[in-house]
2 protein chains.
Amino acid sequence: MLIASFKDYRVVAKMKLTDAQIKQLETDGFIIIPERFTQAEVAAIRSRLPQIFSQHHEANIIERNSGVVRTAMGLHLRDNLFAALVRHPRLIGPAQQLFGEPMYAQQVKVNVKAAFSGEMWQWHADFATHHEEDGVTLPRALNLHILLDEVTEFNGPLYFLPGSHRAGDHAAKLDNKTTSYTLWATDHARVREMAERGGIVAAKGRPGTMLIFHDTLIHGSPNNMSPWDRSIFSLIVNPVSNAYTAPTRPDYKHHRNLTPLEPLAEDCLETYVNRLRAPAA
Amino acid sequence: MLIASFKDYRVVAKMKLTDAQIKQLETDGFIIIPERFTQAEVAAIRSRLPQIFSQHHEANIIERNSGVVRTAMGLHLRDNLFAALVRHPRLIGPAQQLFGEPMYAQQVKVNVKAAFSGEMWQWHADFATHHEEDGVTLPRALNLHILLDEVTEFNGPLYFLPGSHRAGDHAAKLDNKTTSYTLWATDHARVREMAERGGIVAAKGRPGTMLIFHDTLIHGSPNNMSPWDRSIFSLIVNPVSNAYTAPTRPDYKHHRNLTPLEPLAEDCLETYVNRLRAPAA
């Protein structure tokens, strides 16, 4: 099922971004691609979550107030479907197209933001953490998301600050106080400046919608007080040539394994989709 | 400047709701009236806030995490402009039109929801608190709001559950844990049921927009992580015939004074508007 070489995947049109999408990613720092994954594929991905969330596992991060899972990490090492998903051509294809060099799986997670209790993520750009904590030199990592629920204005969508990825270094400070997951939060003055200039865009869409955004794009998300869950799969890939130099955080926060991700076939989730369709024995 | 009797205000068309508005209020439990107050009036109201917020006053309730003012209460007893505003015909006119009997000012406040730090208000219907805490018999109070900032999806708008005011008693329990202001929060199962049936409506609008909603309407609001403040003036009026029977909360949470609010003239804020326009001495 493996495609033979890095070059082969380039012929599969569905994996590639259009010129317009590449241009928008350069301009805004993010793109939103509606329903890039099918509802059947999303259902297969979602079907693995209850078992993962129920594990007492250090890579399951818990909401401070409600005690429910906020984010479940290291998923490709914990579940076969996610081992395939991190090699999915619709994720790896665009990454390879943009960077043209081998990439490794830096972080693999599902952010949950549960109904009624999901807490906010402070404004931040991932690179602040990757640089300060992991010793990554350049902001070349790419964040690839798949919405696993319908995301609306009410259930805690990601907020992007368009163009903020091109504004140079963002002042940031370590925030281990206001939310349940420590990160380098962007200075409020910078957030205000970027929002006044380019507004805020909420990344909404049907399940299966894909988001791609740059390592220096400022983003965050509000709490979810709606009765609707909001789960998102997130894969961060980074060029092997730009790997961590300070492996201080746990492996599930920045994986040590630098093996390049080689794209699988377009139908690589089919086994799991079919398993869900099969009648109960 | 006082209108002579309760009957006189009925002739002033601008104070009255249309039949369509009354019908919508009956059906949905709320109405949103764009820019019912002018930008000059809003500016005059806003100009009083810095001084009020800077007071060390028991009726200034502080956000648990950030320490900024979350809500400032009892305002008609603290500032002359607000003493006029609670008698404004565009607020009292509709209330009298709907109830046709004398109303008193039960609660008078500005809810702030400051940029970056404004915290959520849990789902609740005001009547749960008015009934349980204050011994109000029937859900006849009316909540009259004026947006003092532009309210968008990003700065913590009120969320309404349409039709929830007609669903009978809402199960609720006292919440003095998850937010900075104790209230009777609506049971999550009820919120889910109402949202599945009627959706959620976010009350957005330009400054000066007016909201009217019923005492049993379920509402709440998410945190404000945007760089934009979101202040709302709120007046709760209640028929004198339906007054509190258990005056246990502080006066600023439910005022003891049952003097009926008699509407002032349409231009009753003009003094304050002009004062703002006057050149500095």
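Residues numbered from 1 in each chain as written. Chains lettered and ligands numbered in written order. Predicted model: local features only at pLDDT ≥ 70, side-chain atom pairs only at ≥ 80, totals over all residues. Heavy atoms only, no water.

Per an unreviewed UniProt entry, chain A is named Ectoine hydroxylase, and its organism is Limibacillus halophilus. In the Cofactor (unreviewed entry) part of its UniProt record, chain A is described as follows: "Fe(2+)". (UniProt positions renumbered as here; feature names shortened; annotations may be inferred.)

*Asks:* What should I look at first to understand the sheet that holds strand β11 (residues 210-214) of chain B in this one?
*Replies:* Paired through their backbone hydrogen bonds, the strands of a sheet run either parallel or antiparallel. All names here are of chain B. Spatial ordering of the open sheet is given by β1-β11-β6-β13-β4-β3-β2, a layout of seven strands whose pairing is antiparallel. Each edge of the open sheet is held by one strand with a lone partner, namely β1 (30-33) and β2 (60-62). Adjacent strand axes in the sheet meet at a mean angle of 20 degrees, parallel and antiparallel pairs treated alike. Of the pairings in the sheet, the one linking strand β4 (residues 103-111) to strand β13 (residues 232-239) comprises eight bridges and is antiparallel in character. In the strand pairing of β13, Gln107 is matched with Ile236. (Pairing = 2+ DSSP bridges. Helix = DSSP H or I, 4+ residues; strand = E, 2+ residues; numbered from the N terminus. Axes fitted to C-alpha atoms, helices over the stretch in contact; angles between N-to-C directions.)

*Asks:* Even after reading the chapter, I still don't get the environment of Glu58(A), so can you show me in this structure?
*Replies:* Residues and elements named next belong to chain A. Looking at the element boundaries, Glu58 is found in the loop between α3 (49-54) and β2 (60-62). Glu58 sits in the exposed class, given a relative accessible area of 60%. With 78 residues separating them in the primary sequence, Glu58 and Val136 have C-alpha atoms 24 Å apart. (Buried < 20%, exposed > 50% of the residue type's maximum accessible area, 1.4 Å probe, protein only.)

*Asks:* Where do I start with the environment of Trp228(B) in this structure?
*Replies:* Tracing the backbone shows Trp228(B) in the loop between β12 (219-221) and β13. The partly exposed category is assigned to Trp228(B), whose relative accessible area is 25%. Placed 41 residues apart in sequence, Trp228(B) and Leu269(B) show a C-alpha to C-alpha distance of 26 Å. Those residues within four positions of Trp228(B) in sequence are excluded, and the remaining contacts are Ala195(A), Glu196(A), Ile200(A), Ala115(B) and Asn155(B). At 3.0 Å, the side chain of Trp228(B) forms a polar contact with the side chain of Glu196(A). (Contact = heavy atoms within 4.5 Å. Polar contact = N/O pair within 3.5 Å; in protein donor to acceptor, adjacent residues only side chain to side chain.)

*Asks:* Even after reading the chapter, I still don't get the sheet that holds strand β1 (residues 30-33) of chain A, so can you show me in this structure?
*Replies:* Residue and element names in this part refer to chain A. Across the sheet, which stays open at both edges, the seven strands sit in the order β1-β11-β6-β13-β4-β3-β2 with antiparallel pairing between neighbours. The strands lining the two open edges of the sheet, one partner per strand, are β1 and β2. Going from strand to strand, the sheet's axes swing by 20 degrees on average, the running direction of each strand aside. Contacting β1 and β11 (210-214), helix α1 (residues 19-28) runs over the sheet at an angle of about 135 degrees to β1.

*Asks:* What should I look at first to understand the packing of aromatic side chains in this one?
*Replies:* For any pair of aromatic rings, geometry is given as the distance between the ring centres together with the angle between the planes. Within this structure, the stated rule accounts for twelve aromatic pairs over all chains. Ring plane angle 35 degrees and centroid distance 6.1 Å describe the contact between Trp123(A) and Tyr159(A), whose orientation is recorded as tilted. Linking Trp123(A) in strand β5 (residues 121-124) with Tyr159(A) in strand β7 (residues 158-160), this pair joins segments that are 36 residues apart in sequence. Each of the two residues, Trp123(A) as well as Tyr159(A), counts as buried. Of note, Arg90(A) hangs over the ring of Phe37(A), and the distance from its end group to the ring centre comes to 4.7 Å. If you follow Arg70(B) out to its NZ or CZ, it ends over the ring of Trp121(B), 4.0 Å from the centre. (Phe/Tyr/Trp six-rings, centres within 6.5 Å; stacked < 30°, edge-to-face > 60°. Lys NZ or Arg CZ within 6 Å of the ring centre and 35° of its normal.)

*Asks:* Could you clarify how one ought to interpret the interface of chain A and chain B in this entry?
*Replies:* How big an interface is tends to be reported as the loss of accessible area on association of its parts. Each partner contributes to the interface: chain A provides 26 residues, whereas chain B provides 26 residues. When chain A packs against chain B, the two sides together hide about 2,400 Å² of surface, and 64% of this comes from carbon and sulfur. Taken together, the connections running from chain A to chain B amount to two salt bridges. Put simply, Glu153(A) and Lys204(B) hold a salt bridge, and the shortest N to O gap is 2.8 Å. There are nine residue pairs in polar contact (both at pLDDT 80 or more) connecting chain A and chain B. (Buried area = accessible area lost by both parts, 1.4 Å probe. Salt bridge = Lys/Arg side-chain N within 4 Å of Asp/Glu carboxyl O.)

*Asks:* What is the right way to look at the layout of surface pockets in this model?
*Replies:* Empty space among the atoms becomes apparent when a probe as large as a water molecule is rolled across them. Residue and element names in this part refer to chain A. Estimated volume of the second largest pocket: approximately 250 Å³. Lining the second largest pocket we find 14 residues, and of these Phe127, Ala128, His131, Asp169 and His170 sit closest to its centre. Those elements giving two or more residues to the lining of the second largest pocket turn out to be α6 (126-134) and β9 (183-186). Broken down by element, the residue count for the lining of the second largest pocket peaks at four residues, all from α6. Among the residues making up the lining of the second largest pocket, the classes are represented as six nonpolar, six polar and two charged. (1 Å grid on protein atoms, 1.4 Å probe; cavity = no way out; pocket = protein on both sides within 12 Å on 5 of 7 lines; lining within 4 Å. Points joined across faces, edges and corners; volume = space filled by probe spheres on them. Nonpolar A, V, L, I, M, F, W, Y, C, P; charged D, E, K, R; others polar.)

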